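A structural walkthrough
Here is what each chain is made of, one letter per residue.
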Amino acid sequence: MKRASDGTRSRMSLSAFPALKNDCMLRAARGEATEWIPVWMMRQAGRYLPEYQEVRKDADFFTMCRTPELACKVSLQPLERFPTLDAVIIFSDILVIPQAMGMEVLMVKGKGPVFPDPLKVPEDIQKLTLKPDIESTLGYVFDAVNLTRERIAGRVPLIGFSGAPFTLMAYMIEGGGSRTLSKAKTWLFKHPEATHKLLQALTDIIVEYLVGKVKAGAQMLQVFESNGGDLTPDHFTEFSLPYLSQIASRVKAAVDVPMTVFARGANQEGALEALASTEYNTISVDWRIEPSDARKRAGNKTLQGNLDPGALYAAPETLRKLVAKMVKGFGTQRYIANLGHGMHPSHDPEMAGNFIDAVHACTN
Ligand code: CP3
């Protein structure tokens, strides 16, 4: 690995990376024919893996995100354990963007992310850095992406990701996860102008951040609107969709890369149809929608999903049947198999392997 004189790593240029051997997932995203169904799992690098726990016991979560060697190591762990996986996702978190804007975010054991000083009133937006220098605040993610792409050595594509504006805003106002989103919803109903100002600032940052990830080596991008399903159809149309759409158009104007949108639970009237008219290649759906219904509503987009993560607690034989049923609903083409949301810490790694095998056992 090359190192600059100040000890930081100088990034490898895209042309220096070895050729990609397994491009099945990229082809599925572009709507091209595939010989098998590509598969990966959201949160595939995480606490269900003992080898992840081993690294995590000595390092704080965000220290892992900020240390390219560690982020690279845990990103590769799922591929080392399951060599037939069709992609690696870079280990990081969506909340690195609020950090880049000057907010403190801690990962608290048993609780998840906590913002000690969340946004309370619209005036608090003034305290944020609305136009952070992306290279100096998030360059560590680009370093991790670059190193990971190098170490994957062409085995599979590397996925980069970002949180979507509304989901990030919800965390910044709630100060952590929330069932009701009461505080964030107060902004939507009471302060729509300030809300749009914040969502646009986040959008501008996300676009530059995602383009930077591609320039550092990411071969596919996914945008997580994890709170998309909490919005009314009208609010989804006003506060989520235009920003999601803008992100895809602007990133694609800058770099040629397949993009996926995961608006978790956003099966509201008209939401899937509207996402189908954006520039995303792939729409990721959760388990609350029938695959055949998603097909009818999502036009000719590639679909990703959507096994209930709970199915990984079933007997292996049951899991195989559930996967086969899911594949029957989606079909084998223009399809990327995944869970409807991420792996749980209590999942048995062996069942993740069974899931991957069950998908690959389904042929045309
Ligand atoms: O998918 C992957 O393997 C890549 C890495 C990844 C993480 N977070 C690692 C992580 C990705 C893509 C994310 C995205 C993310 N982070 C989202 C969007 C997807 C979703 O789940 O809806 C959200 C909402 C977050 C914010 C976040 N980070 C939460 C709510 C939590 C706590 C989760 C929990 O179950 O406690 C995290 C922590 C986190 N992010 C962990 C990992 C591996 C576990 C942290 C630990 O090791 O203690």
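Coordinates for the structure precede this section.
Along each chain, numbering runs from 1 in the same order as the chain's sequence is written. Totals for whole chains, interfaces and linings use all residues, but because this is a predicted model, local features are given only for residues with pLDDT of at least 70 and pairs of side-chain atoms are given and counted only at 80 or more. The basis for every side-chain value is the complete set of heavy atoms in the structure, and neither hydrogens nor water enter the calculation.

**Let's talk about the nonpolar core**
Put simply, the rule is: By convention a nonpolar core is built from buried Ala, Val, Leu, Ile, Met, Phe, Trp, Tyr and Cys residues, the set being connected through side-chain atoms within 4.5 Å. The buried label applies to any residue whose accessible area, calculated with a 1.4 Å probe on protein chains only, is under 20% of its type's maximum; exposed applies above 50%, and partly exposed to all values in between. In this description, contact between two residues means that some pair of their heavy atoms is separated by no more than 4.5 Å.
Counting 132 residues, the largest nonpolar core has Leu198, Val251, Met259, Val323 and Phe355 as its most contacted members. Leaving out residues up to four positions away in the same chain, phenylalanine 355 has contacts with Val39, Trp40, Met41, Leu307, Leu312, Leu319, Val323, Met326, Asn338 and Leu339.

**Here we look at the pattern of salt bridges**
Condition: Definition used for salt bridges: Asp or Glu carboxyl oxygen within 4 Å of a side-chain nitrogen of Lys or Arg.
All chains considered together, the criterion is met by 15 salt bridges. As a salt-bridge pair, arginine 27 and aspartate 23 come within 2.9 Å of each other at their nearest N and O atoms. What makes arginine 27 buried here is its relative accessible area of 16%. Here lysine 120 ties to aspartate 117 by a salt bridge, and the two come within 3.8 Å at their closest N and O atoms. Beyond isolated ion pairs, a larger network of salt bridges with shared partners links Arg11, Glu135 and Asp143.

**Remarks on the site of the ligand**
Basically, it comes down to this: The rule for a residue being near a molecule or strand is that one of its heavy atoms must lie within 4 Å of it. Distance and chemistry together define a polar contact, namely a pair of N or O atoms within 3.5 Å, with one atom able to donate a hydrogen and the other to accept it when in protein, and with adjacent residues in sequence counting only for side-chain atoms on both sides. For the area figures, the Shrake-Rupley method with a 1.4 Å probe applies, and any residue is considered shielded solely by the protein chains shown. Secondary structure elements are defined from DSSP: runs of H or I of at least 4 residues count as helices, runs of E of at least 2 residues count as strands, and each element is numbered from the N terminus. Amino acids are sorted into nonpolar (Ala, Val, Leu, Ile, Met, Phe, Trp, Tyr, Cys and Pro), charged (Asp, Glu, Lys and Arg) and polar (every other residue, Gly among them).
Not every one of the 23 residues close to the ligand is listed here, only the nearest: Arg43, Arg47, Tyr52, Asp93 and Ser226. A distance of 2.8 Å separates an oxygen atom of the ligand from a polar side-chain atom of arginine 56. Between an oxygen atom of the ligand and a side-chain N or O atom of serine 226, the distance comes to 2.6 Å. For the ligand, whose accessible area on its own is 880 Å², the fraction buried by protein is 88%. For the shell around the ligand, the elements supplying multiple residues, two or more each, are helix H2 (50-56) and strand E3 (112-114). A per-class count over the shell around the ligand returns 13 nonpolar, 6 polar and 4 charged.

**Topic: the pairing of strand E8 (residues 302-307)**
Our working rule: A pair of strands is treated as paired once DSSP finds two or more bridges between them. When the strands point away from the viewer, a crossover counts as right-handed if the path from the first strand over the helix to the second runs clockwise.
In terms of burial, E8 is a largely internal element, 6 of the 6 residues being buried. Across 4 bridges, strand E7 (residues 282-285) lies against E8 in parallel orientation. What sits directly across from isoleucine 283, in E8, is leucine 303. Where E8 lies against strand E9 (residues 335-339), 5 bridges are found, and the strand directions are parallel. Residue glutamine 304 lies in a different strand from E9, and its bridge partner there is isoleucine 336. On the question of chirality, the crossover connecting E8 to the parallel E9 by way of helix H13 (residues 316-330) is right-handed.

**Observations regarding the state of the cysteines**
Our working definition: Criterion for a disulfide: a pair of cysteine sulfur atoms at a distance within 2.5 Å.
By the definition in use, this model includes 0 disulfides. We note that cysteine 72 lacks a disulfide partner, and the nearest cysteine sulfur, in cysteine 65, lies 14 Å from it. Here cysteine 362 is not cross-linked by a disulfide; its sulfur's nearest cysteine counterpart is in cysteine 24, at 13 Å.

**Here's the deal with the packing of aromatic side chains**
This is how it is decided: Pairing of aromatic rings covers Phe, Tyr and the six-membered ring of Trp, with a centre-to-centre limit of 6.5 Å; geometry is then stacked below 30 degrees between planes, edge-to-face above 60, and tilted otherwise.
In this structure the tally under the stated criterion is 7 aromatic pairs. Between phenylalanine 61 and phenylalanine 91, the ring centres sit 5.5 Å apart and the planes meet at 75 degrees, which makes this aromatic pair edge-to-face. Taken together, the residues span a long stretch of sequence, with phenylalanine 61 in helix H3 (residues 61-66) and phenylalanine 91 in the loop between strand E1 (88-89) and helix H5 (96-100) at a distance of 30 residues. Like phenylalanine 91, phenylalanine 61 is buried. Ring centres 6.1 Å apart and planes at 35 degrees place the aromatic pair phenylalanine 142 and tyrosine 209 in the tilted group. A residue pair is termed long-range when its members are at least 10 positions apart, and phenylalanine 142 in helix H6 (residues 134-152) and tyrosine 209 in helix H9 (residues 192-216) qualify at 67 residues. You'll find phenylalanine 142 and tyrosine 209 in the same group, each marked buried.

**So, unusual backbone geometry**
Residues apart from glycine generally show negative phi values, whereas peptide bonds are mostly found in trans. For the peptide bond that leads from glycine 305 to asparagine 306, omega is -15 degrees, which places it in the cis range. For asparagine 306, the position within the fold is in strand E8. Of note in the backbone geometry, arginine 43 takes a positive phi value of approximately 55 degrees without being a glycine. Relative accessible area serves as the criterion here: at 56%, arginine 43 is assigned to the exposed category. The phi dihedral of leucine 181 falls on the positive side, at around 55 degrees, and the residue is not glycine. Relative to the helices and strands, leucine 181 resides in the loop between helix H7 (165-174) and helix H8 (182-190). Judged by its relative accessible area of 2%, leucine 181 falls in the buried class.

**Some details on H7**
Among the 10 residues of H7, 10 are classified as buried, and the element is accordingly described as predominantly covered. Looking at H7, one finds that the buried residues are Pro165, Phe166, Thr167, Leu168, Met169, Ala170, Tyr171, Met172, Ile173 and Glu174. Glycine 175 lies just past H7 and shows a positive phi near 80 degrees.

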